[in-house]
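Here's the letter readout for the chains.
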Amino acid sequence: EMDEAFVEGKSTGIRGRGSLGKTPVAVMAGISRGGGLSRAHMQALGQVSSLSLEEAAQECVAPGATIITDGLHAYRDLPSLGYRHRFQVQQTPEDAAAFLPRVHVTVSNFKRWVLDIFHGVSSKYLQSYLDEFCYRLNRRYNRTDLFRRILNRCVLFTGPVTYAQLVAS
């Protein structure tokens with residue numbers, strides 16, 4: 001499943017694609033053999049466009065896979081990139097949640113996690129929070145060893161990092 005969501009910012013009035021002050025995020029959620037959520041990936045976008053959504057799909061979804069989306073026209077070129085594409089035009093947001101349940105559960109859980117733990121995040125660091133959330137979500141069945149694995153990856157794959165480098169990214 002693939003959809004876009006809008007997170008952060010304080011905006012009243014219009015929900016979804018028409019909201020102002022929110023960052024668009026591409027959300028991809030895999031379907032497990034049992035029909036549940038397998039893995040998820042979220043990527044902050046500059047804008048919702050065919051190009052940005054196609055790039056997000058190419059980074060995270062294997063060619064030949066079936067991508068299920070709502071009827072947004074920006075997804076219509078996915079078959080030309082080697083994907084099978086199944087879509088359904090939605091009349092209401094509730095219809096979209098029923099058609100793409102794994103994506104909507106992922107977004108809902110991310111928003112709740114951000115509010116509960118951090119009380120909000122800025123768009124400047126949003127991708128880092130998305131990455132952490134997806135890392136934890138995708139390893140939710142292997143949590144007992146999570147800290148050691150993260151520490152191991154930091155030691156093996158990165159050199160020393162100064163505080164100035166950390167806050168500059």
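Residues numbered from 1 in each chain as written. Predicted model: local features only at pLDDT ≥ 70, side-chain atom pairs only at ≥ 80, totals over all residues. Heavy atoms only, no water.

## A look at the overall build of the protein chain
A tally of regular secondary structure across the protein chain gives 6 helices and 5 strands. Scanning the protein chain from its N terminus toward the C terminus, one meets helices and strands in the order β-β-β-α-β-β-α-α-α-α-α. Radius of gyration (C-alpha) of the protein chain: 17 Å, near the 15 Å computed for a compact globule of 169 residues. With the C-alpha coordinates aligned to their principal axes, the bounding extent of the protein chain is approximately 50 × 40 × 25 Å. In the protein chain, buried positions account for 34% of the 169 residues. A sequence separation of at least 24 residues applies to 46% of the contacts in the protein chain between residues at least 6 apart. Accessible surface computed for the protein chain: about 10,500 Å², of which carbon and sulfur atoms make up 56%. For the protein chain, the distance from the average site of its 20 positive side-chain charges to the average site of its 15 negative ones is 7 Å. (Helix = DSSP H or I, 4+ residues; strand = E, 2+ residues; numbered from the N terminus. Rg over C-alpha atoms; globule rule 2.2 N^0.38 Å. Buried < 20%, exposed > 50% of the residue type's maximum accessible area, 1.4 Å probe, protein only. Contact = heavy atoms within 4.5 Å. Areas by Shrake-Rupley, 256 points an atom, 1.4 Å probe, with all protein chains shown as cover. Lys, Arg positive; Asp, Glu negative; His and termini not counted. Charge placed at Lys NZ, Arg CZ, Asp CG, Glu CD.)

## Details of the environment of glutamine 90
Tracing the chain through its elements places glutamine 90 in the loop between strand S5 (84-88) and helix H2 (93-99). Overall, glutamine 90 belongs to the buried group, its relative accessible area being 18%. On a C-alpha basis, the gap between glutamine 90 and aspartate 70 in space is 6.3 Å, while along the polypeptide they are 20 residues apart. Discounting residues that sit within four places of it in the chain, glutamine 90 has contacts with Asp70, Asp95, Ala96 and Phe99. For glutamine 90, the side chain forms a polar contact with the main-chain oxygen of glutamine 88, separated by 2.7 Å. (Polar contact = N/O pair within 3.5 Å; in protein donor to acceptor, adjacent residues only side chain to side chain.)

## Observations regarding the pairing of strand S1 (residues 2-7)
In terms of burial, S1 is a largely internal element, 6 of the 6 residues being buried. Side chains of S1 alternate between two faces, with Met2, Glu4 and Phe6 and Asp3, Ala5 and Val7 buried alike. Direction of pairing for S1 relative to strand S2 (residues 23-31): antiparallel, over a ladder of 6 bridges. Paired with valine 7 across the bridge in S2 is threonine 23. (Pairing = 2+ DSSP bridges.)

## Points about the pairing of strand S3 (residues 37-44)
Of the strand pairs in this sheet, S2 and S3 are connected by 6 bridges, and their pairing is antiparallel. Bridging across to S3, valine 25 finds its partner in alanine 44. Counting the residues that bridge the hairpin from S2 to S3 gives 5 residues, and of these glycine 35 lies at a positive phi of roughly 95°.

## Focus on the confidence of the model for the protein chain
Summarising the model, the protein chain shows a mean pLDDT of 88, and 92% of its residues fall at 70 or more. Taking the mean pLDDT of every element in the protein chain, the minimum, 81, falls on H2 and the maximum, 96, on S3. (pLDDT = per-residue confidence, 0-100.)

## A closer look at the side chain of threonine 106
Assignment of secondary structure puts threonine 106 in helix H3 (residues 101-118). A polar atom in the side chain of threonine 106 sits 2.8 Å from the backbone oxygen of arginine 102. In this view, threonine 106 contacts Val27, Ala29, Leu37, Ala40, Met42, Phe133 and Leu137; residues no more than four positions away in its chain are not counted.

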